[in-house]
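# Chain and residue survey
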Amino acid sequence: MPDNDQLVFGLDTFGDVPDDPSTDTPVSYAAALQQIIKEAQLADDLGIDVIALGEHHRLEYAISSPDIMLSAIASVTKKIKLSTGVTVLSSDDPVRVYERFATLDNISNGRAQIMLGRGSFTESFPLFGYHLEDYDALFEEKIALFSKLRESGSINWQGHFTQDLKNQEIYPKINGHQLETYVGVGGTPDSIIRAAYYGFPVILAIIGGDPERFKPYVELYQKATVQFKQPQQPLGMHSHGVIAETDEKAHNIAWNYLRRSMDRIGNDRGWAPMNKERFDFEVARGAYYVGTPEHVAHKIAQKMTKVGVKRFDFIYGAGGQYSTLREKTIELYATKVVPRVKELIKTGEYSYE
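The text that follows walks through the structure, step by step, so that each part is easy to find. Since the structure is predicted, the reported quantities are computational estimates derived from the model, not experimental observations.

## A short note on the environment of Gln6
Here Gln6 shows up in the segment before strand 1 (8-13). Between the C-alpha atoms of Gln6 and Arg194, which are 188 residues apart in sequence, the distance is 24 Å. Side-chain polar atoms of Gln6 contact the side chain of Lys310, separated by 2.8 Å.

Right under this line is the structure:
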């Protein structure tokens, strides 16, 4: 059972553009980005541990440069960790990524955090001149280089997809610690083993199905870190949800918006539209955390314990939800759900079925 002192609770947004309640059409990108800064400030005020921003290059998402957004958030917050969820390292330059987050770490007094990933969305590959047939090889090489960059000394590197470096120093330096780095994993053993090899903790991206099926990946990570002589790291998970004053209201919001988001993505990937039976399964036993604070708290406590993770990031605001609905979810998550989850995990008295 996790020690409550080590539990971490974050909020994660993919940068969905909210709808204007007066027209039910998307607000401007300027308004969407300013709203996310406001939400991060609210999360900081309410004591949330981490705010994580996705990187996307699509019509329905406002955030294509999470590091710039996190810098803006750094200027209006005091304690909250500033993370990504995820940074698509495969289609970026590891040196530039490291420099940007080293800069963020320095201006935020050590609050920068990065979550590296291959990217479940692939729009960035042709956008930045990369080929999808190199999907795996790009990430393999770039995470190896990024790992060396975190060591903060002079770099010697010979790359295939990346540049050659000879006795190269990288600036700005981070004093007193390494850049806090996670790897986002969608559920492949190779990804788990790779993260363990470099000693990076993992966030499990669980967006569908019963989260408990990911427990073997946690066990695999723990075994792999021992084999690679890396320190044991607490792992985390993130999933979508909606919190409201009643279960009925939360379910209606999720059906109207979260389902819409999933269907839009599924349309691009050849998935069948979500039906009521599938939606009800995800809410009842799957990866959607939807309902009142008490209901959601019991489910989070159960799934965290059974999967074996110590961090939970709640993905909020999917599918164009009004700003007021997003802010209510943040408020209830911070003030009601998080303290209740800590209590339930401590006592082991969660009762979610």
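## Observations concerning empty space enclosed by the protein
Summary: where empty space remains is shown by rolling a probe the size of a single water molecule over the atoms. Applying the stated criterion to the full structure yields one cavity of 30 Å³ or more. The space that makes up the largest cavity amounts to roughly 40 Å³. Along its surface, the largest cavity is lined by Val242, Ile243, Ala244, Glu245, Lys249, Ile253, Gln321, Leu325, Lys328 and Thr329. Mapped by element, the contributors of at least two residues to the lining of the largest cavity are strand 12 (236-243), helix 8 (247-269) and helix 11 (323-347). Residue composition of the lining of the largest cavity, by class: five nonpolar, two polar and three charged.

## Examining the environment of Ile330
As for its position among the elements, Ile330 is in helix 11. Sequence separation between Ile330 and Val183 is 147 residues; the distance between their C-alpha atoms is 24 Å. Those residues in contact with Ile330 that sit more than four places away from it in its chain are Leu11, Glu39, Leu42, Ala43, Leu46 and Tyr316.

## Regarding helix 2 (residues 66-74)
Where helix 2 is concerned, the buried positions are Pro66, Asp67, Met69, Leu70, Ile73 and Ala74. Buried residues of helix 2, seen end-on, are gathered within an arc of 155° and therefore sit on one face of the element. Those residues of helix 2 that are buried lie in contact with helix 1 (29-45), strand 4 (50-53), strand 5 (81-84) and helix 3 (94-107).

## Observations concerning the pairing of strand 12
In terms of residue burial, strand 12 counts as a mostly covered element, since eight of its eight residues are buried. Bridge count between strand 11 (residues 202-205) and strand 12: three bridges; the pairing is parallel. Residue pairing for strand 12: Ala205 is matched across the bridge by His238. Judged from the five bridges that link them, strand 12 and strand 14 (residues 311-315) form a sheet pairing that is parallel. Bridge pairing in strand 14 places Met237 opposite Phe312. Both strand 12 and strand 13 (residues 289-291) contribute to a ladder of three bridges, which runs parallel. Following the sheet pairing, Val242 is matched in strand 13 by Val290.

Rules and cut-offs
- Residues numbered from 1 in each chain as written.
- Predicted model: local features only at pLDDT ≥ 70, side-chain atom pairs only at ≥ 80, totals over all residues.
- Heavy atoms only, no water.
- Helix = DSSP H or I, 4+ residues; strand = E, 2+ residues; numbered from the N terminus.
- Polar contact = N/O pair within 3.5 Å; in protein donor to acceptor, adjacent residues only side chain to side chain.
- 1 Å grid on protein atoms, 1.4 Å probe; cavity = no way out; pocket = protein on both sides within 12 Å on 5 of 7 lines; lining within 4 Å.
- Points joined across faces, edges and corners; volume = space filled by probe spheres on them.
- Nonpolar A, V, L, I, M, F, W, Y, C, P; charged D, E, K, R; others polar.
- Contact = heavy atoms within 4.5 Å.
- Buried < 20%, exposed > 50% of the residue type's maximum accessible area, 1.4 Å probe, protein only.
- Arc of directions from axis to C-beta.
- Pairing = 2+ DSSP bridges.

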